[in-house]
Amino acid sequence: MKIELLYFDGCPNWAVADERIAEAAELVSREDLTVHRRKVATEQEAIAVGFTGSPTILIDGQDPFATGDEQVGLACRVYSTPHGLAGSPSVAQLVDALS
């Protein structure tokens, strides 16, 4: 399983997402799991990769948190979590997505 964390410099939430991904990965105990971090630097690159805000988390190329309302571009992304809106999915949401 391949996890890709897409972010841009200046996003305060990508580091939190990175920590939560690591915690969720430990909890699901999958040996085939790899995490790649990818910085998106320009608006053109954001369009080319379909970057829907920082952080974007792709699991095997799919965004399990997409609602269809996201806009492509260099912007911060907001996630709906059990505790309200947040800059990253919760650990529990990530565990569900990885399971």
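Everything quoted here is computed from the prediction, not taken from an experiment.

A. Inspection of the overall build of the chain at higher detail. In terms of regular secondary structure, the chain is built from three helices and seven strands. Along the chain, helices (α) and strands (β) appear in the sequence β-α-β-α-β-β-β-β-β-α when read from the amino end. A compact globule built from 99 residues would reach a C-alpha radius of gyration of about 13 Å, and the chain, at 13 Å, matches this within 12%. Counting only C-alpha atoms and orienting by the principal axes, one finds that the chain spans roughly 35 × 30 × 25 Å. Across the chain, contacts joining residues at least 24 apart in sequence account for 64% of those joining residues at least 6 apart.

B. Region of interest: the packing of aromatic side chains. Counted under the stated rule, the structure contains two aromatic pairs. Between Y7 and W14 the ring centres are 3.9 Å apart and the planes differ by 15°, which places this aromatic pair in the stacked class. Residue class for Y7 comes out buried when judged on its relative accessible area of 11%. Residue classification places W14 among the partly exposed residues on the basis of a relative accessible area of 22%.

C. Just the side chain of T52, in detail. Tracing the backbone through its elements, the reader meets T52 in strand β3 (residues 52-54). A relative accessible area of 16% places T52 in the buried class. Within the structure, the side chain of T52 is placed 3.5 Å from the side chain of T56, a separation counted as a polar contact. Excluding its chain neighbours within four sequence positions, the residues that come into contact with T52 are D63, E70, Q71, V72 and R77.

D. Up close: the side chain of T56. Following the sequence through the fold, T56 ends up in strand β4 (residues 56-59). A polar side-chain atom of T56 sits 2.5 Å from the main-chain carbonyl oxygen of G53. Leaving out residues up to four positions away in the same chain, T56 has contacts with E4, L5, L6, F51, D63, R77 and Y79.

E. Structural detail: helix α3 (residues 91-98). Among all positions in α3, only V91, Q93, L94, V95 and L98 are buried. On the buried face of α3, the contacting elements are β1 (2-7), α1 (14-28), β4 and β6 (79-81).

F. Main features of unusual backbone geometry. With omega at 0°, the peptide bond leading from S54 into P55 counts as cis. The backbone phi angle of D60 is positive, close to 50°, even though this residue is not glycine. Along the chain, the position of D60 falls in the loop between β4 and β5 (73-76).

What counts, and where the lines are drawn
- Residues numbered from 1 in each chain as written.
- Predicted model: local features only at pLDDT ≥ 70, side-chain atom pairs only at ≥ 80, totals over all residues.
- Heavy atoms only, no water.
- Helix = DSSP H or I, 4+ residues; strand = E, 2+ residues; numbered from the N terminus.
- Rg over C-alpha atoms; globule rule 2.2 N^0.38 Å.
- Contact = heavy atoms within 4.5 Å.
- Phe/Tyr/Trp six-rings, centres within 6.5 Å; stacked < 30°, edge-to-face > 60°.
- Buried < 20%, exposed > 50% of the residue type's maximum accessible area, 1.4 Å probe, protein only.
- Polar contact = N/O pair within 3.5 Å; in protein donor to acceptor, adjacent residues only side chain to side chain.

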